[in-house]
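# Structural characterization, general
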There are 2 protein chains.
Amino acid sequence: MAERTSSSKIYLEVVESLRSMIEADSLLPGDKIPSERELSDRLNVGRSSVREALRALELLGLIETRRGEGTFIRDFQEHKLVELLGTFFLQDKKVQEDLAETKRLIEIDCLRIVAFFATAEDIKRLIAWVRAGEFRDDDFFLRIAILNRNRLLERIWRIINSYARTSEMVQGNVRKEEYLALLTYLLERDEEKAIETYLIRIRNMSKDE
Amino acid sequence: MAERTSSSKIYLEVVESLRSMIEADSLLPGDKIPSERELSDRLNVGRSSVREALRALELLGLIETRRGEGTFIRDFQEHKLVELLGTFFLQDKKVQEDLAETKRLIEIDCLRIVAFFATAEDIKRLIAWVRAGEFRDDDFFLRIAILNRNRLLERIWRIINSYARTSEMVQGNVRKEEYLALLTYLLERDEEKAIETYLIRIRNMSKDE
DNA sequence: CAGGCCGCTGTGGTCTGACCACTAGATTTC
DNA sequence: GAAATCTAGTGGTCAGACCACAGCGGCCTG
């Protein structure tokens, strides 16, 4: 490859090359990318530089490596990222509060969308699931997040939830009746009541947002 | 360090060691971390492994390296992350829609919070700013996001906005009167009207969420 | 022929030692 | 005292060497 970007770091150039390579060959999750040695050859850089780029992308969750097999594009989701950012600097008090608040906001958004757009079947399925067995609070809201059909919002929720879990603001004992009440309101498309139930009976808050 | 995690990758152990090292010495943004060679010594691993870890953290935006000086903890914000994830796989149509929807949801959340908790002075200041000169739509909502005092939510908005900008769903010509109307409702704490104004007059949508 | 063993090849994982480029601070020089 | 210089330390990069592991094909045995 050209080495015009003279002063910048090689491993970043490799990242960039990989990006365009993926784009050019329209590689999809699961596909294999060239081996480290081949990349090193093709790009005229040392193998260690290639590795630095690959390790970085791996930590980002963009690729996956299997020793003896090769390096593959990953169906990205569930990056290491979460645990990382989380444990790295999330000890502050204010941050914790923001976290909790944001989580509530996102969950309410999801509830709104579900109240509007989810099919009755979906909601009934969820009711059956609640009745069926034990679950944690975040199991429940994960399902809500999935129901909302907005993959990005779902992902944001997942990330925030992971943060929240590493810092134990989890709530253990769920009372099924509260969740059932919530679902019933959703089934009736009563957005207002549903959110009220969520805030007061599930999150034990007063009426402010 | 112990090397019990026999089968896992060394560079990940280094990342972990760095994490606890930072925690133990309560290092803050701007502080220097040990040199690559020293880490390599202290942890009994090759320098290349240390570098793989550092490069990964660098791409994540957690640290910053300056040749000839050393490696420093970074005031994290503005990671490379955004551009990366963005350019890597965000070409899909559905993803674009989700993006737009999520952005609207977050913005509405911010508006709600501002309507409840922002001081009249803050809002008036914003009104003055709108009157004062030209601005882009995202300039405006960045200020809204900042007003809401939830740093995490603000960060999420920033990220989503960056995504959105790389894929040009930006709107150019703003009409000040719409934004002023919105702010007036906020000043009157009329959440409902404010959101209606946002959706219909600023985002040109019908009444659904 | 079927099944399993073996070794070859290619891949990632890691280490070492060698340079280079650059910075900052100490040293020397004027 | 100020300016130029030297030097030690740091990140940036490379080449080459092993190791561990997965996959494949060929060979042997039943």
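Structure: above.
Here we summarise the structure given alongside this text. (Residues numbered from 1 in each chain as written. Chains lettered and ligands numbered in written order. Predicted model: local features only at pLDDT ≥ 70, side-chain atom pairs only at ≥ 80, totals over all residues. Heavy atoms only, no water.)

### What about the overall build of chain A?
Keep this limit in mind: The numbering of helices and of strands both runs from the N terminus, where a helix is a DSSP run of H or I of at least 4 residues and a strand a run of E of at least 2. Burial classes: relative accessible area under 20% of the type maximum marks a residue as buried, over 50% as exposed, and values in between as partly exposed (1.4 Å probe, protein chains only). In this description, contact between two residues means that some pair of their heavy atoms is separated by no more than 4.5 Å. Each accessible area value is a Shrake-Rupley result obtained with a 1.4 Å probe; residue values ignore everything except the protein chains displayed when judging cover.
Helix and strand counts for chain A come out as 10 helices and three strands. Going from N to C terminus, chain A has its helices and strands arranged as α-β-α-α-β-β-α-α-α-α-α-α-α. Across the 209 residues of chain A, 51% fall into the buried class. Considering only contacts in chain A between residues 6 or more positions apart, those separated by 24 or more positions represent 63%. In the structure as shown, chain A presents an accessible area of about 10,600 Å², 49% of it carried by carbon and sulfur atoms.

### Points about the interface of chain B and chain A
We count it as follows: We define buried area as the total accessible area lost by two parts upon association, computed with a 1.4 Å probe and summed across both. Definition used for salt bridges: Asp or Glu carboxyl oxygen within 4 Å of a side-chain nitrogen of Lys or Arg. For this analysis, a polar contact is any N or O atom pair within 3.5 Å, provided that within protein one partner can donate a hydrogen and the other can accept it, and provided that sequence-adjacent residues contribute only side-chain to side-chain pairs.
Across the contact, 42 residues belong to chain B and 43 residues belong to chain A. Interface area for chain B against chain A, summed over the two sides, is near 4,500 Å², with a carbon-plus-sulfur share of 69%. For the pair chain B and chain A, the interface holds four salt bridges. In this structure, the salt-bridge partner of Arg51(A) is Glu52(B), at a minimum N-O distance of 2.7 Å. Linking chain B with chain A are 16 residue pairs in polar contact (both at pLDDT 80 or more). Only α1 (10-24), α3 (47-60), α4 (81-88), α5 (93-117) and α8 (151-166) of chain B provide two or more residues apiece to the side of chain B that touches chain A.

### Comments concerning a negative patch on the surface
Rules: Nonpolar side chains (Val, Leu, Ile, Met, Phe, Trp, Tyr) are joined into patches within 5 Å and like charges within 9 Å, using only residues with over 30% relative accessible area and no salt bridge. Within this scheme the basic residues Lys and Arg register as positive and the acidic residues Asp and Glu register as negative, but His and the chain ends are omitted. Note that the charge is assigned to NZ on lysines, CZ on arginines, CG on aspartates and CD on glutamates.
A cluster of acidic residues, Glu192(A), Glu196(A), Glu192(B) and Glu196(B), forms a negative patch at the surface. Listing elements by their share of the negative patch, those giving two or more residues are α10 (191-202) of chain A together with α10 (191-202) of chain B. Within the secondary structure, Glu192(B) is located in helix α10.

### Remarks on the protein's contact with DNA strand D
What counts is decided by this rule: The nearness test applies per residue and asks whether one of its heavy atoms lies within 4 Å of the molecule or strand. For this classification, the nonpolar set comprises Ala, Val, Leu, Ile, Met, Phe, Trp, Tyr, Cys and Pro, the charged set comprises Asp, Glu, Lys and Arg, and every other residue, Gly included, is treated as polar.
Inspection of the region around DNA strand D gives 25 residues, with Ile10(A), Gly46(A), Ser49(A), Glu36(B) and Arg47(B) positioned closest. In this structure, a phosphate oxygen belonging to DNA strand D sits 2.6 Å away from a main-chain N or O atom of Ile10(A). One nitrogen or oxygen atom from the side chain of Arg67(B) is found 3.4 Å from a sugar or linking oxygen belonging to DNA strand D. Going through the elements one at a time, α3 (47-60) of chain A together with α2 (36-42), α3, β2 (63-66) and β3 (70-73) of chain B are the ones with two or more residues in the surface near DNA strand D. Looking at the surface near DNA strand D residue by residue, the class counts come to two nonpolar, 10 polar and 13 charged.

### As for the relation of the copies chain B and chain A
Just so we agree on the cut-off: Superposing the copies works by least squares over the C-alpha atoms of residues that have pLDDT at least 70 in both of them.
The two copies are related by a screw motion: chain B maps onto chain A through a turn of 180 degrees and a shift of 0.3 Å along the axis, at an RMSD of 0.5 Å. Here the symmetry operator amounts to a two-fold rotation axis. For chain B, the smallest separation between a C-alpha atom and the rotation axis is recorded for Ala56(B), amounting to 1.9 Å. Both copies contact each other with a shared surface, as 100% of the interface residues of chain B are interface residues in chain A too.

### Remarks on unusual backbone geometry
Residue and element names in this part refer to chain B. Of note in the backbone geometry, Arg189 takes a positive phi value of approximately 60 degrees without being a glycine. As for its placement among the helices and strands, Arg189 is situated in the loop between α9 (176-187) and α10. Residue class for Arg189 comes out partly exposed when judged on its relative accessible area of 37%.

### Regarding the environment of Ile108(B)
All names here are of chain B. For Ile108, the position within the fold is in helix α5. Given a relative accessible area of 6%, Ile108 falls into the buried group. As a C-alpha pair, Ile108 and Leu199 span 91 residues in sequence and 8.8 Å in three-dimensional space. Setting aside anything within four residues of it in sequence, one finds Ile108 in contact with Ile195, Tyr198 and Leu199.

### Brief notes about the environment of Lys193(A)
All names here are of chain A. Tracing the sequence through the fold places Lys193 in helix α10. Lys193 gets classed as partly exposed once you look at its relative accessible area, which sits at 36%. With 12 residues separating them in the primary sequence, Lys193 and Ala181 have C-alpha atoms 9.5 Å apart.

### Concerning the nonpolar core
What counts, and what does not: Joining through side-chain atoms within 4.5 Å is the link that ties buried Ala, Val, Leu, Ile, Met, Phe, Trp, Tyr and Cys residues into a set, and such a set is a nonpolar core.
Counting 73 residues, the largest nonpolar core has Phe140(A), Ile144(A), Leu186(A), Phe140(B), Ile144(B) and Leu186(B) as the members making the most contacts within it. Leaving out residues up to four positions away in the same chain, Phe140(A) has contacts with Trp129(A), Val130(A), Phe135(A), Tyr179(A), Leu182(A) and Leu183(A). Listed in part, the 41 residues of the second largest apolar core include Met21(A), Val50(A), Leu60(A) and Ala53(B).

### Details of the sheet that holds strand β1 (residues 32-33) of chain B
Strand-to-strand pairing in sheets goes through backbone hydrogen bonds, with the strands running parallel or antiparallel. All names here are of chain B. Spelled out, the test is: Following DSSP output, two strands are said to pair if at least two bridges run between them. Lines fitted to C-alpha atoms define the axes, with helix axes restricted to the stretch in contact, and inter-axis angles between N-to-C directions lie between 0 and 180 degrees.
Taking strand neighbours across the sheet as the criterion, the three strands line up as β1-β3-β2 in an open arrangement whose pairing is antiparallel. Two strands lie at the open edges of the sheet, namely β1 and β2, each paired on one side alone. Here β1 runs beside β3; their pairing, made up of two bridges, is antiparallel. The partner of Ile33 across the bridge, within β3, is Thr71. α3 contacts β1, β2 and β3 of the sheet and is inclined by roughly 115 degrees relative to β2.

### Observations concerning the side chain of Asp138(A)
Residues and elements named next belong to chain A. Mapping Asp138 onto the fold places it in helix α7 (residues 137-147). You can call Asp138 buried: its relative accessible area is 7%. A distance of 3.4 Å separates a polar atom in the side chain of Asp138 from a polar atom in the side chain of Asn161.

### Here's the deal with α9(B)
Residues and elements named next belong to chain B. Test applied: Take the residue count of a helix, subtract one, and multiply by 1.5 Å to get its expected span.
Over its 12 residues, α9 extends 16 Å from the first C-alpha to the last, a length consistent with the 16 Å expected when each residue adds 1.5 Å. By the burial criterion, the buried members of α9 are Glu178, Tyr179, Leu180, Ala181, Leu182, Leu183 and Leu186. Just downstream of α9 lies Arg189, where phi reads positive at about 60 degrees.

### Here we look at the packing of aromatic side chains
For the record, the criterion: Each pair of aromatic rings taken from Phe, Tyr and Trp, with Trp reduced to its six-membered ring, is defined by centres within 6.5 Å and is described as stacked if the planes are under 30 degrees apart, edge-to-face if over 60, and tilted in the remaining cases. Each ring is checked for a lysine NZ or an arginine CZ that lies within 6 Å of its centre and within 35 degrees of its normal; such an atom marks a charge sitting over the ring.
Per the counting criterion, the structure on display carries 14 aromatic pairs over all chains. Look at Trp129(B) and Phe135(B): their rings are 4.9 Å apart centre to centre, the planes differ by 40 degrees, and that puts the pair in the tilted class. Of the residues examined, Phe135(B) reaches a relative accessible area of 7% and is grouped as buried. Here a set of aromatic residues connected by ring pairs shows up, and it is made of Trp129(A), Phe135(A), Phe140(A), Phe141(A), Tyr179(A) and Tyr198(A). A cation over a ring is seen here: Arg66(A) above Phe72(A), with NZ or CZ 4.0 Å from the ring centre.

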